[in-house]
Amino acid sequence: MKSSSGPSLWPLVLFIFSLLTGLSAREELPITNLTAEFNRISLSRQIELPPSKTNLNQTSLIRRVKLTPPRLNFTEEFNKTPVSRPVKLTPPTIHTIQDLRNINVFGFQPPSHGFALLWWLCSSETYIDINGDTVLRSNPNAGHYGFHHFYNLFDNNLGDHLLPVVAGVHYYTVGNLNPNTHPGAINLPYDVRRYYNRNILNSNSERLIISNTWVYNGVFNVQSIYITNHYHPGYEIAPNLVAQIRNLNLGNFLNAVGYPSYSPASCHVIPPPGRRRKREASDWECIDMLKSETSVQVVARNGHATLLWENIPWNEYYSWVGLYNSETEGDKNYIADAWQWTYNAQSGSYETSTQIHPGMQARFFRREYARFVLKSPGIDEACWEEPVQFSNDENFLILLVFRTYYAGVKLYINKSLGSNWQYKDKYYYGWVGFYYRGAPNNSYRSWQWLYNFEKIGENSDYNVYTDGLNKDGITADLEVRVFFAIMDMIA
């Protein structure tokens, strides 16, 4: 028999057998295990499951699950969670000058003007009326001294209003020294404005706020006074503290709140040569002069101006001082022959041959062609003194003044005495004498009868008179005394 010459079928049979055997050995896909995995794994927006032990084409199974947020009791959660909640702000009250010094809300270095502003408001801009109410001398609605409404709006940063919200209470603020936005600020006293410099960032941040509850015939009452540093939470000034401030002059008040000394001079910080001054630049020159109690001023000696400088913190040969006719003169317009090198002298004086007159100013320079670093205010006719009340007659106030070269006197006579007060028995033989300080009563320099004084003006309470005749040149140690009878001094 012939053998077959065709291909053998055994390889095909073996391949089919191995295929059938592999299929029977395969594991069943673990669908139930995957379901269990879904129940076990924490929910998230997208859950990625690891591949099972089977190859499943070796692909990770990814399924998206729709989330259902848990229901929360928000009232319960708010009460048990320590969250920050808005609170009603009640500014703390300051009762003493020592407390005012301790809180240091304004700071003690120039260019702070808050303390001078507070003294002015308590001592000059407000007074106590016959009913015991504190009233304002000006109309805040008219913008006098820069007063304007403070609307006490809700502050999101504080979570409340800065001041109490009370029906019928209106708030006004003062202290913005920028004359472009508040033109009335230019009428604030020199001591308030003297450190204002637009190039110094924090020279205009202090504010006072007053609360007002009634207006009668144009008169505004002041219920409360608050101090704040640019409308950050501040303090209320207690009425007894207002009374304490009224009993001090400005220099003593500034000393009491922490200034080492008070000088009416003001400083100007100069930048290094060739560099523009930046708003954030240091005020180290002003601070050095304040710490050293530096002053520069014009004083009178026998009717002439004398330049006086004290405690300059730098020992510099070519520093110099100059005399100016007014505050508005440019730095180069000093009076000829009325200037002097300091020659390393940190304190000194220079007597000029120029007759002194109101408005003159002294300036100190650290180098020849630079801007001043310290200047005095323009000297006024009374050298910043206030009229003095006679010890036993409240109807009389007296003030030593000067005009060019000469000394003079102003009398403030209560209007209740009428226009012929000089001829009343008590005053007819009254007289005024000029004395050197400490001289005995019979050593006057010159004198004048009261009935020779002439009226030159008036204010709300007093008629103002002046002698119109004097013989002495004004000098720093001159004083005036008033007598109602021969050698019967009362002031």
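Predicted, not measured: the structure shown is a model, and the values here were computed from it.

A. Fine view of the overall build of the chain. When you go through the chain residue by residue, the secondary structure sums to 10 helices and 30 strands. Looking at the chain as shown, the accessible area adds up to about 28900 Å², and 52% of this sits on carbon and sulfur atoms.

B. Region of interest: the packing of aromatic side chains. A complete count under the given rule lists 27 aromatic pairs for this structure. Ring centres of Tyr 435 and Tyr 444 lie 6.4 Å apart, and the angle between their planes is 80 degrees; on these two criteria the pair is classed as edge-to-face. By the ring-pair criterion, three or more aromatic residues cluster together here, those being Tyr 317, Tyr 318, Trp 320, Tyr 324, Tyr 334, Trp 339, Trp 341, Tyr 343 and Phe 365. Here the guanidinium or amino end of Arg 363 rests over the ring plane of Tyr 324, the centre of that ring lying 3.9 Å away. Taking NZ or CZ as reference, Arg 366 lies 3.9 Å from the ring centre of Trp 314, over its face.

C. Spatial organisation of helix H7 (residues 239-246). Of the positions making up H7, those classed as buried are Leu 241, Val 242 and Ile 245. For H7, the arc enclosing every buried residue in end-on projection is 105 degrees, short of the 170-degree limit, so these residues lie on one face.

D. How the structure looks around helix H5 (residues 114-125). H5 sits mainly inside the fold: 10 of its 12 residues count as buried. Restricting attention to buried positions, one finds in H5 the residues Gly 114, Phe 115, Ala 116, Leu 117, Leu 118, Trp 119, Trp 120, Leu 121, Cys 122 and Glu 125.

E. Structural detail: the sheet that holds strand E4 (residues 126-128). Read from one edge to the other, the open sheet built from four strands follows the order E4-E5-E12-E11, with strand pairing classed as antiparallel. Edge strands, defined here as strands with exactly one partner in the open sheet, are E4 and strand E11 (215-216). As paired elements, E11 and strand E12 (residues 219-221) share two bridges and run antiparallel to each other. From the neighbouring strand, Tyr 216 faces E12, where its bridge partner is Val 219. Packed on one face of the sheet, H5 meets E4 and strand E5 (134-136) and runs near 45 degrees to E4.

F. Broad picture of the sheet that holds strand E27 (residues 446-449). Overall, antiparallel pairing links the three strands, which are arranged E27-E26-E30 in an open sheet. Edge positions in the sheet fall to E27 and strand E30 (478-483), since each has one partner strand and no second. Taken pair by pair, the neighbouring strands of this sheet meet at an average axis angle of 20 degrees, ignoring direction. Of the pairings in the sheet, the one linking strand E26 (residues 431-436) to E27 comprises four bridges and is antiparallel in character. In the strand pairing of E27, Trp 431 is matched with Trp 449.

G. Layout of a nonpolar patch on the surface. A surface patch of nonpolar side chains, amounting to about 350 Å² of accessible area, comprises Tyr 317, Tyr 318 and Tyr 343. Relative to the assigned elements, Tyr 343 resides in the loop between strand E19 (339-341) and strand E20 (348-355). Judged by its relative accessible area of 41%, Tyr 343 is partly exposed.

Rules behind the numbers
- Residues numbered from 1 in each chain as written.
- Predicted model: local features only at pLDDT ≥ 70, side-chain atom pairs only at ≥ 80, totals over all residues.
- Heavy atoms only, no water.
- Helix = DSSP H or I, 4+ residues; strand = E, 2+ residues; numbered from the N terminus.
- Areas by Shrake-Rupley, 256 points an atom, 1.4 Å probe, with all protein chains shown as cover.
- Phe/Tyr/Trp six-rings, centres within 6.5 Å; stacked < 30°, edge-to-face > 60°.
- Lys NZ or Arg CZ within 6 Å of the ring centre and 35° of its normal.
- Buried < 20%, exposed > 50% of the residue type's maximum accessible area, 1.4 Å probe, protein only.
- Arc of directions from axis to C-beta.
- Pairing = 2+ DSSP bridges.
- Contact = heavy atoms within 4.5 Å.
- Axes fitted to C-alpha atoms, helices over the stretch in contact; angles between N-to-C directions.
- Patch = residues over 30% accessible without salt bridge, like charges linked within 9 Å, V, L, I, M, F, W, Y side chains within 5 Å.
- Salt bridge = Lys/Arg side-chain N within 4 Å of Asp/Glu carboxyl O.

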